[in-house]
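# Survey of secondary and tertiary structure
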Amino acid sequence: MKFAEDEVFYRRIAEDIRAKIERGDLKPGDKLPSFAEIAAEYDVSSTVIKSAIQMLKTAGDIYGRQGKGTFVSSKKRAQRVRRIPFERGKSTGSTFAEEMKKLGREPSARLVKCEVEPSGADIARVLGLAAGEEVLVRQRHMTASGRPVQLATSHIPMRVAGSIDIAFPDARPTVMYERLAERGHRPVRFSEEITVRRPTQQESEFLGVEGGFPVVEVTRTAIDAEDVPVEATVNVLDAYAWSLVYEWEENQDG
């Protein structure tokens, strides 16, 4: 297929590729041909194809994985649901495993790091620590049917954790909260701070997100009855793969 090259040419190619996706000729997860192969199909330069591919990536129709190519996105996004206010004994929202299973994917979370480190400036601010004060850092690689989808890093002040032993055996967050409760630091409320930013090199390599495309950073802070922050978990998500959902009821006393 050959088009006349003009100032909007790459847009017409992008629209043609999008039409293939909408027809089902290209399905979610399918790998696109190389730039050279697409350029040959449309009889244009690779530069034009790069512009078309960039347009589709920006719209979320496709995504790139470093060193592996470009793939068709799924229109189904995982939802990260949070219910406000938090009520003890009731679900505060959906879990990672629940959301992956809703999408028909097999969830997995692997502990890749557990060690004591000086706190960085951002974590020290969130936890109310002195700069460089020690924290227990636990990092997980979270995947869905083998595809990396979330990077989760927990930080617990060592004065709260007591020792690194509190992290073992490895457990989900609710079990960790029970262990903190045994040390007199039961979380009774939570806050979340949401930031959209470019990924770090480590995040790009794990999530397969190219450096120019966004990730969502959700920092969840657990706070005990004495108003002391006892854990800060930084969750980094592919912005095109997730939606954040917050639910609350009308204040009947207002």
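Not measured: the values here are computed from a predicted model.

### Digging into helix H2 (residues 35-42)
- Residues Ile38, Ala39 and Tyr42 constitute the buried set of H2. Viewed end-on, H2 has its buried residues packed into an arc of 100 degrees, placing them on one side of the element. Seen from the buried face of H2, the exposed residues on the opposite side, beyond 90 degrees, are Ala36 and Ala40.
- Tucked inside the fold, the buried residues of H2 contact helix H1 (9-23) and helix H3 (46-59).
- Phi turns positive, to about 60 degrees, at Asp43, one or two residues after H2.

### Concerning the nonpolar core
- Of all hydrophobic cores here, the largest spans 18 residues; its most connected members are Ile13, Ile17, Ile38, Tyr42, Val44, Ile49 and Ile53.
- Listed by contribution, the elements that provide at least two residues to this core are H1, H2 and H3.
- Dropping the residues within four chain positions of it, Ile38 is found in contact with Ile17, Leu32, Pro33, Ile49 and Ile53.
- Val126, Leu129, Val137 and Ala232 belong to the second largest nonpolar core, which has 16 residues in total.

### Comments concerning the sheet that holds strand E6 (residues 147-157)
- Spatial strand order, E4-E5-E6-E9-E8-E7: six strands in an open sheet with antiparallel pairing. One side of each edge strand has no neighbouring strand; the edge strands of this open sheet are strand E4 (107-118) and strand E7 (187-197). Taking the axes of each pair of neighbouring strands and ignoring which way they run, one obtains an average angle of 15 degrees across the sheet.
- Judged from the nine bridges that link them, strand E8 (residues 215-224) and strand E9 (residues 229-238) form a sheet pairing that is antiparallel. Bridge pairing links Thr219 to Val234 in E9.
- Sheet strands in contact with helix H7 (residues 173-182) are strand E5 (134-144), E6, E7, E8 and E9, and its direction is about 30 degrees off that of E8.

Calculation notes
- Residues numbered from 1 in each chain as written.
- Predicted model: local features only at pLDDT ≥ 70, side-chain atom pairs only at ≥ 80, totals over all residues.
- Heavy atoms only, no water.
- Buried < 20%, exposed > 50% of the residue type's maximum accessible area, 1.4 Å probe, protein only.
- Helix = DSSP H or I, 4+ residues; strand = E, 2+ residues; numbered from the N terminus.
- Arc of directions from axis to C-beta.
- Contact = heavy atoms within 4.5 Å.
- Core = buried A, V, L, I, M, F, W, Y, C linked by side-chain atoms within 4.5 Å.
- Pairing = 2+ DSSP bridges.
- Axes fitted to C-alpha atoms, helices over the stretch in contact; angles between N-to-C directions.

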